[in-house]
Amino acid sequence: MRSGAPSPAAPPRALVPLRSSEPARAAPVRSAAAALLEEAADLLVVHRDFGAALRTCERACRALACGAPAEEPAGASLEVKCSLCVVGIQALAEMNRWREVLSWVLQYYQAPEKLPPKVLELCVLLYSKMQEPAAMLEVVRAWLQDPDNQGLPEYRALVELHLQRVLLPLGCLSEAEELVVDSVAFSDEQRLDALQAISTAREQQKHEHSGSEEAQKLNQEGSSSHKFLSLLMSLRRLWDFVVSHFFSLPFKKSLVAALILCLLVARFDPASPSSLPFLYKLAHIFHRIREAVSSPLCQLPIQN
């Protein structure tokens, strides 16, 4: 049985003109940004022209800021913008302009808590590698405290990265412990592991602090010993000079010098009657010393 006559084809839909309020150039903006992203990646990886790659990323970000496509998904332009920032960060790092990365990224996101997790992770890794984790402390802190970010699947990974690359190297152990205890992103086992790592870092910090104090104490003791030895050497040289000069003087002058020394050191009073026996003994000792020094046995033989 043959079917009935085919139904006539449906007439083509009439083109509905765009209203004046509709963004007529929305789709070209999206296409231009995606094309610029591909061009920037090609300049970065293939041509190794980092300056041109950075300028291309900036031009694409400005194009995205001018307008968003209405018929595209809401996250499409955000994903392109995130990828552009990743390429720009890599270009800045290759040109050894890594210190500009944070300010360069924030000019497109305005606030730290608005940064995409991928961009934030890349910034933390970069500044940690360059031994400047303090630059990311306030940025990551603001991002983690934002309620909208706490529900993201990358939240726990960024908490762990913040602990390992920022808080622990900076010695912010109390803040790290508070973050682990209060965070709902950790399971009980993960929380115990994180607290164990913090405890290990605290013990290491105490050991390094005690070691530095011991080294400082040893340096102070060594400095004091060095000063004491220097003082003894100076006194010895002074004593040798005084003795040599003393024996080079005539007898009467030597006796007078000894009396003056007694007056200065021992508070000796030569006018006291009780000091006469001491004066006789002192004179006798000087006679004995003078005879011993001037005797022929003490004189060196002179060879012709």
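Structure: see above.
As the structure is a computational prediction, the values presented were derived from the model and not from experiment.

Student: Please provide a residue-by-residue account of unusual backbone geometry, values included.
Tutor: Phi is positive for Q110, close to 65 degrees, though the residue is something other than glycine. With respect to the helices and strands, Q110 occurs in the loop between helix 4 (101-109) and helix 5 (117-129). Phi angles above zero are rare outside glycine, and Q131 is one such case at about 60 degrees. Relative to the helices and strands, Q131 resides in the loop between helix 5 and helix 6 (137-145).

Student: Account for the nonpolar core, naming residues and giving values.
Tutor: Among the nonpolar cores identified, the biggest contains 59 residues, and V119, M136 and L163 are the most heavily contacted of them. Top element by residues in this core is helix 3 (residues 74-94). It accounts for 9 residues. Residues contacting V119, with those up to four places away along its chain left out, are C82, C85, V86, I89 and V105.

Student: Which residues make up the environment of A201, and what values go with them?
Tutor: Within the secondary structure layout, A201 lies in helix 9 (residues 188-247). Linking A201 and L168, residues 33 residues apart in sequence, is a C-alpha distance of 7.0 Å. Those residues in contact with A201, other than ones at most four positions away along the chain, are L168 and L173.

Student: Help me get a handle on the state of the cysteines, residues and values and all.
Tutor: Tallied over the full model, the rule gives 0 disulfides. Note on C85: no disulfide assigned, nearest cysteine sulfur contributed by C61 at a separation of 4.8 Å. On the accessibility criterion, C85 (0% relative accessible area) is buried.

Student: Talk me through the side chain of N149; I want residue IDs and the actual numbers.
Tutor: Tracing the backbone through its elements, the reader meets N149 in the loop between helix 6 and helix 7 (155-170). Here N149 falls in the buried class, since its relative accessible area comes to 7%. Contacts of N149, omitting those with residues within four sequence positions, involve E113, W143 and Y155.

Student: Describe in detail the pattern of salt bridges, supporting the description with residues and values.
Tutor: What the rule picks out here adds up to 8 salt bridges. Residue R97 pairs with E100 through a salt bridge whose shortest N-O separation is 2.8 Å. Among the residues examined, R97 registers a relative accessible area of 31% and is labelled partly exposed. The exposure class assigned to E100 is partly exposed, which follows from its relative accessible area of 35%. With a shortest N-O distance of 2.9 Å, E175 and R141 are connected by a salt bridge. Separated by 34 residues along the polypeptide, E175 in helix 8 (residues 173-182) and R141 in helix 6 bring together distant segments of the chain. We classify E175 as partly exposed; its relative accessible area is 26%. Within this structure, E138, R141 and E175 form a network of salt bridges that share partners.

Student: Explain the packing of helix 7 against helix 8 to me, and be specific about the residues and the numbers.
Tutor: It is at 10 Å that the axes of helix 7 and helix 8 come closest, and there the two elements cross at 170 degrees. Judged by the inter-axis angle, helix 7 sits roughly antiparallel to helix 8. Contacts between helix 7 and helix 8 involve V159, H162, L163, L167 and L168 from the first element and L173, E175, A176, L179 and V180 from the second. Class assignment for the residues of the contact of helix 7 with helix 8 results in 8 nonpolar, 1 polar and 1 charged.

Student: If you had to explain the packing of helix 5 against helix 6 to someone new, which residues and values would you point to?
Tutor: A pair of packed helices can be characterised by two numbers: the angle between their axes and the separation between those axes. With their axes 11 Å apart at the nearest point, helix 5 and helix 6 run at an angle of 150 degrees to one another. Here helix 5 lies roughly antiparallel to helix 6, going by the angle between them. With respect to the hand of their crossing, helix 5 and helix 6 are arranged in left-handed fashion. Across the interface between the two elements, P117, L120 and V124 from helix 5 touch V139, V140 and W143 from helix 6. A per-class count over the contact of helix 5 with helix 6 returns 6 nonpolar, no polar and no charged.

Student: Break down helix 7 for me, with residues and values.
Tutor: Here helix 7 contains 16 residues, and its C-alpha end-to-end distance of 21 Å stays within 8% of the 22 Å for a straight helix at 1.5 Å per residue. Maximum bend of helix 7: about 40 degrees, positioned at L163.

Student: Requested: an account of helix 4, with residues and values cited.
Tutor: Among all positions of helix 4, only V101, L102, W104, V105, Y108 and Y109 are buried. All buried residues of helix 4 project into a common sector of 165 degrees when viewed along the axis, lining one side.

Student: Go over a nonpolar patch on the surface, please, and point to the residues and values.
Tutor: Together, L229, L231, L232, L235, L238 and F241 make up a nonpolar patch on the protein surface, roughly 600 Å² of accessible area in all. Residue L235 is classed as partly exposed on the basis of its relative accessible area of 48%.

Student: So what's going on with the environment of D49? Which residues, and what values?
Tutor: Along the chain, D49 falls in the loop between helix 1 (26-45) and helix 2 (50-66). Taking the relative accessible area as the measure of exposure, D49 reaches 36% and is therefore partly exposed. Put simply, D49 and A91 are 42 residues apart on the chain and 8.5 Å apart in space, counted from C-alpha to C-alpha.

Conventions used here
- Residues numbered from 1 in each chain as written.
- Predicted model: local features only at pLDDT ≥ 70, side-chain atom pairs only at ≥ 80, totals over all residues.
- Heavy atoms only, no water.
- Helix = DSSP H or I, 4+ residues; strand = E, 2+ residues; numbered from the N terminus.
- Core = buried A, V, L, I, M, F, W, Y, C linked by side-chain atoms within 4.5 Å.
- Buried < 20%, exposed > 50% of the residue type's maximum accessible area, 1.4 Å probe, protein only.
- Contact = heavy atoms within 4.5 Å.
- Disulfide = S-S within 2.5 Å.
- Salt bridge = Lys/Arg side-chain N within 4 Å of Asp/Glu carboxyl O.
- Axes fitted to C-alpha atoms, helices over the stretch in contact; angles between N-to-C directions.
- Parallel < 35°, antiparallel > 145°, perpendicular 65-115°, else oblique.
- Nonpolar A, V, L, I, M, F, W, Y, C, P; charged D, E, K, R; others polar.
- Left-handed = near helix turned anticlockwise from the far one by under 90°.
- Expected span 1.5 Å × (residues − 1).
- Bend = angle between axes of the 7 residues up to and from the residue.
- Arc of directions from axis to C-beta.
- Patch = residues over 30% accessible without salt bridge, like charges linked within 9 Å, V, L, I, M, F, W, Y side chains within 5 Å.
- Areas by Shrake-Rupley, 256 points an atom, 1.4 Å probe, with all protein chains shown as cover.

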